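# What the coordinates show
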Amino acid sequence: METIKIQGTEDTPKVILDKDTELLEISGRSLPEDVASFYEPVLTWLSEYAQSPNKKTIFNFKLTYFNTASSKLLLDILMKLEEIHEAGNDVLIRWHFPEDDEDMEEAGEEYADIVDVPFEQVSYSN
């Protein structure tokens, strides 16, 4: 399976989807101009990954900011992870947020309420 590595920019998050090293992560700021085309390869990769996932899937979200358009696509990613979980696979979502950022903490809590997947909130100091 192809590994996806997208370098982050001022407006787009860094994305690493590597089945072999079990590193699945989106980090940084997410406000791409064309959010659908930015996240399309991520969703395609997850659909392929779902056919034969690792024994345990841990997906890390380490976002410092995302806009409204990104929030919908992030939910789409979470729904894909929920599908993998519902198929009987071990899935954990880790939502990392700066300890002083209530908005990002609340966003994680809201996503945790929407999807039926084990969800871990992880605060860190800047």
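This section reports on the structure supplied with the text. Predicted model, so just to flag it, every value in this text is computed and none were measured. (Residues numbered from 1 in each chain as written. Predicted model: local features only at pLDDT ≥ 70, side-chain atom pairs only at ≥ 80, totals over all residues. Heavy atoms only, no water.)

### A look at the pairing of strand β2 (residues 14-18)
Going by this rule: Type-normalised accessible area, obtained with a 1.4 Å probe on protein chains alone, sets the label of each residue: buried when under 20%, exposed when over 50%, and partly exposed for intermediate values. Secondary structure is summarised from DSSP: a helix means a run of H or I of at least four residues, a strand means a run of E of at least two, and numbering begins at the N terminus for each. At least two DSSP bridges between two strands are required for those strands to pair.
In terms of residue burial, β2 counts as a mostly covered element, since 4 of its 5 residues are buried. Note that strand β1 (residues 4-6) and β2 share 3 bridges and pair antiparallel. Within β2, the position partnered with K5 by the bridge is I16. As judged from the 5 bridges shared by β2 and strand β3 (residues 23-30), these two strands associate in the antiparallel manner. The partner of D18 across the bridge, within β3, is L23. Counted between consecutive antiparallel strands, the loop separating β2 from β3 contains 4 residues, among which E22 sits at a positive phi close to 60°.

### Re helix α3 (residues 102-114)
Our working definition: The span you would expect from a helix comes to 1.5 Å times its residue count less one. Each direction from the helix axis to a C-beta atom contributes to the arc, which is the arc of those directions. Counting of polar contacts relies on pairs of N or O atoms within 3.5 Å, with two restrictions inside protein: one atom must be capable of donating a hydrogen and the other of accepting it, and residues adjacent in sequence are counted only when both atoms are side-chain atoms.
Across its 13 residues, α3 extends 18 Å between first and last C-alpha, which sits within 8% of the 18 Å expected from 1.5 Å per residue. Three or more residues of α3 are buried, namely M104, A107, G108 and Y111. Buried residues of α3, seen end-on, are gathered within an arc of 100° and therefore sit on one face of the element. Away from its buried face, by an angle of more than 90 degrees, α3 presents the exposed residues E102 and D113. Of the residues that open α3, the one with a side-chain oxygen 3.2 Å from the backbone nitrogen of D103 is D101.

### Focus: the pattern of salt bridges
We apply this condition: Salt bridge, as used here, is a side-chain nitrogen of Lys or Arg placed within 4 Å of a carboxyl oxygen of Asp or Glu.
The tally for this structure, following the rule as stated, stands at 4 salt bridges. For D90, the salt bridge is made with K56, and the minimal N-O distance between the two is 3.3 Å. Remark: K56 occurs in strand β4 (residues 56-66) and D90 occurs in strand β5 (residues 90-98); sequence separation between them is 34 residues. Taking relative accessible area as the criterion, D90 reaches 37% and is therefore assigned partly exposed. Across the pair D76 and K72 runs a salt bridge, and its minimum N-O distance is 2.8 Å. Within this pair, D76 and its partner K72 are both found in helix α2 (residues 68-86), separated by 4 residues, close to a single helical turn. For D76, a relative accessible area of 24% translates into the label partly exposed.

### Looking at the sheet that holds β3
Within a sheet, each strand pairs with its neighbour through backbone hydrogen bonds, oriented either parallel or antiparallel. As a reminder of what qualifies: Think of each axis as a best-fit line through the C-alpha atoms, taken over the contacting stretch in the case of a helix, with angles from 0 to 180 degrees between the N-to-C directions. In what follows, a contact means two residues having at least one pair of non-hydrogen atoms within 4.5 Å.
If you trace the 6 strands from one edge of the open sheet to the other, you get β1-β2-β3-β4-β5-β6, paired in mixed fashion. Two strands lie at the open edges of the sheet, namely β1 and β6 (119-124), each paired on one side alone. Across this sheet, the average inter-strand angle for adjacent strands is 15°, counted without regard to direction. Looking at chain direction, β4 and β5 are connected through 6 bridges and run parallel. From the neighbouring strand, F61 faces β5, where its bridge partner is W95. This element, α2, spans β3, β4, β5 and β6 of the sheet and lies at about 170° to β4.

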